[in-house]
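# A structural walkthrough
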Amino acid sequence: MIDLRLLREDPDRVRASQRARGEDVALVDALLSADERRRSSGSRFDELRNEQKLIGNRIRSAQGDEKAELLKRASTLAAEAKAAGAEQSEAAEEAKRLQGLFANLLHPDAPVGGEEDFVTLEHVGTPRDFAAEDFEPRDHVELGRILGAIDIERAAKVSGSRFYYLTGIGALLELALVNMAIAQAVEAGFTPMLTPALVKPRAMEGTGFLGQAAENVFRLEEDDFYLVGTSEVPLAAYHMDEIIDADRLPLRYAGFSPCVRREAGTYGKDTRGIIRVHQFDKVEMFVFTTPEEAEAEHQRLLQWEKDFLDKLELAYRVIDVASGDLGSSATRKFDIEAWIPTQGKYRELTSASNCTEYQSRRLDIRMRGEGGNRPLATLNGTLCAVPRTIVAILETHQQADGSVLVPEALRPYLGGRSVLEPVGK
RNA sequence: GGAGAGGUGUCUGAGUGGUCGAAAGAGCACGCCUGGAAAGUGUGUAUACUUCAAAAGGGUAUCGAGGGUUCGAAUCCCUCCCUCUCCGCCA
């Protein structure tokens, strides 16, 4: 949700942001007038109620004719106040609805444009040169089969396309990655959290996933639940309706949960393998902090993401995502894309978003400090989205015989194993 | 799934039609007291809106949510939600 005060004071700034995102600019004037209607009908209601209360008090002690007179007047006032109240709540509802349609205000440094207009901030590591090593790399599907780690065929039988089983060493690999991620997060001061995967509409809406992203959200219609596409949702909503003492901030949580996504509109995209699946597990970092600290925290999240990928000895680049590809909650977003050898390109592995006060306004989360209560900032960043991380590891660290070297930092989490060996069928 | 109990401010907990944004206690903050602390003592301590106001302050709303009765609702009625206890079932 955007700041109404800012909208009133500087509507042009909001217009510019909407424009850069490719969102509806006319929304600005619609909200301005709805807000005005809300305030004028509100003050009318307040006045009527005030008068009604004053008369009501006099009725208690009044007698005879005077009392009858007052009762008559109070009756009229009651009806008027009720009507005014109805108008006020209707206007307030409309203003709220419009306010909810806005995307977050764009960060001034975020690149403007569509998906292709991102800015590359840095490259880390060098993509492995298989040609120089004189062997043709296998893709992760093939490696997963050879290692007995990934079974896509049987998943298709059981659940359809875009599903997979992690089997044997594949399952162990996930658990190792998750444990390593959680260990790093705990080391950095995060509180580990296992979160619900089903949430009520309010949580989903408050996190900003029912806007343009709605088509990718699974819903259990019969029970009015949504399935979360990331633990960002239950983590953000964790403090819903709360006022948090400013000196408790930052609150840093590392959530682990299944993530379920419809992946609508991606037919024919990434149909092979486990790059794009309907269900996966993920360790997600989530932070509640002051608006003043948000940008610095954004950088810290990015650094923790890099630390993790560094430990996995992957080559990657960091991009500053362009305005049109941001998602409604983020003011700015940094993605890390790892090099996937058989695709010959970088693919998104993690994503760190600064949502400023956008989510906290929607979820009614505030901080209590000097200067009164005000919304706080929320940020989120992927620490480890399992399947894509597995893809990058298998493809990057494979050897000519189909085995895969385990990055050193990961070995303790795999019982000391240093190589994943092919299994006989 | 069956039966029952209950939802009041940071917490405990009073309050069954008006003077109740709400007793009392605890906690917390500040002050007094003290060599320092404890005890004691005093004051303060919800949130939101506001085309009322420079500010102090004022007005309005909120006692799980929504609706109803009434001049007037925390209090009466209806619907919904949630929590707890017992029984059953179950990873």
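Model, not experiment: these values are computed from the prediction.

Here we take up the protein's contact with RNA strand B. If you check the shell around RNA strand B, you find 24 residues, and the closest are E36, R39, R49, K53 and R366. When atoms of RNA strand B within 4 Å of the protein are split into backbone and base, the sugar-phosphate part holds 62%. Interatomic distance of 3.3 Å between a side-chain N/O atom of R60 and a sugar or linking oxygen of RNA strand B. Broken down by secondary-structure element, the contributors of at least two residues to the surface near RNA strand B are α3 (27–61), α4 (64–101) and β14 (366–369). The dominant element in the surface near RNA strand B, judged by the number of residues it contributes, is α3, at 14 residues.

On to the sheet that holds strand β5 (residues 198–199). Ordered by their spatial adjacency, 3 strands build an open sheet running β5-β7-β6, and the pairing between neighbours is antiparallel. Here the strands that pair on one side only, and so sit at the sheet edges, are β5 and β6 (219–220). Sheet topology note: the β5/strand β7 (residues 225–227) ladder contains 2 bridges and is antiparallel. Among the inter-strand pairings, V199 is bridged to a residue of β7, identified as Y226.

Among all positions in helix α2 (residues 11–21), only P11, V14, R15, S17, Q18, A20 and R21 are buried. If you follow the buried residues of α2, they end up packed against α1 (4–9) and α3. A positive backbone phi angle near 75 degrees is found at G22, which sits one or two residues after α2.

By the element assignment, A34 lies in helix α3. For the pair formed by A34 and G344, sequence separation is 310 residues and the distance between their alpha carbons is 51 Å.

Moving on to the sheet that holds β14. Reading across from one edge, β8-β14-β15 is the order of the 3 strands in this open sheet, with mixed pairing throughout. The open sheet terminates on both sides in strands that have one partner only, identified here as β8 (243–245) and β15 (372–375). Going from strand to strand, the sheet's axes swing by 35 degrees on average, the running direction of each strand aside. Note that β14 and β15 share 4 bridges and pair antiparallel. The residue bridging G369 from the neighbouring strand is G372, located in β15.

Another aspect to go through is the side chain of N380. Secondary-structure assignment places N380 in strand β16 (residues 377–385). A relative accessible area of 5% places N380 in the buried class. A polar contact of 3.3 Å, which involves the side chain of N380, links it to the side chain of E232. Once you skip the residues sitting within four places of it in the chain, N380 turns out to touch E232, E284, M285, F286, L301, S351, A352, S353 and C355.

When the parts come together, some accessible area is lost, and that loss is often what is quoted as the size of the interface. If you check the domain split of chain A, you get domain 1 (4–101) and domain 2 (115–420). One C-alpha centre belongs to domain 1, the other to domain 2, and the line joining them spans 43 Å. At the junction of the two partners, domain 1 supplies 4 residues and domain 2 supplies 10 residues. The junction of domain 1 with domain 2 conceals about 470 Å² of combined surface from both sides, 26% of it contributed by carbon and sulfur atoms. Seen at the junction of domain 1 and domain 2, the total is 0 salt bridges. Along the contact surface separating domain 1 from domain 2 lie 4 residue pairs in polar contact (both at pLDDT 80 or more).

The rules we used
- Residues numbered from 1 in each chain as written.
- Chains lettered and ligands numbered in written order.
- Predicted model: local features only at pLDDT ≥ 70, side-chain atom pairs only at ≥ 80, totals over all residues.
- Heavy atoms only, no water.
- Near = heavy atom within 4 Å.
- Polar contact = N/O pair within 3.5 Å; in protein donor to acceptor, adjacent residues only side chain to side chain.
- Helix = DSSP H or I, 4+ residues; strand = E, 2+ residues; numbered from the N terminus.
- Pairing = 2+ DSSP bridges.
- Buried < 20%, exposed > 50% of the residue type's maximum accessible area, 1.4 Å probe, protein only.
- Contact = heavy atoms within 4.5 Å.
- Axes fitted to C-alpha atoms, helices over the stretch in contact; angles between N-to-C directions.
- Domains from an automatic or database assignment.
- Buried area = accessible area lost by both parts, 1.4 Å probe.
- Salt bridge = Lys/Arg side-chain N within 4 Å of Asp/Glu carboxyl O.

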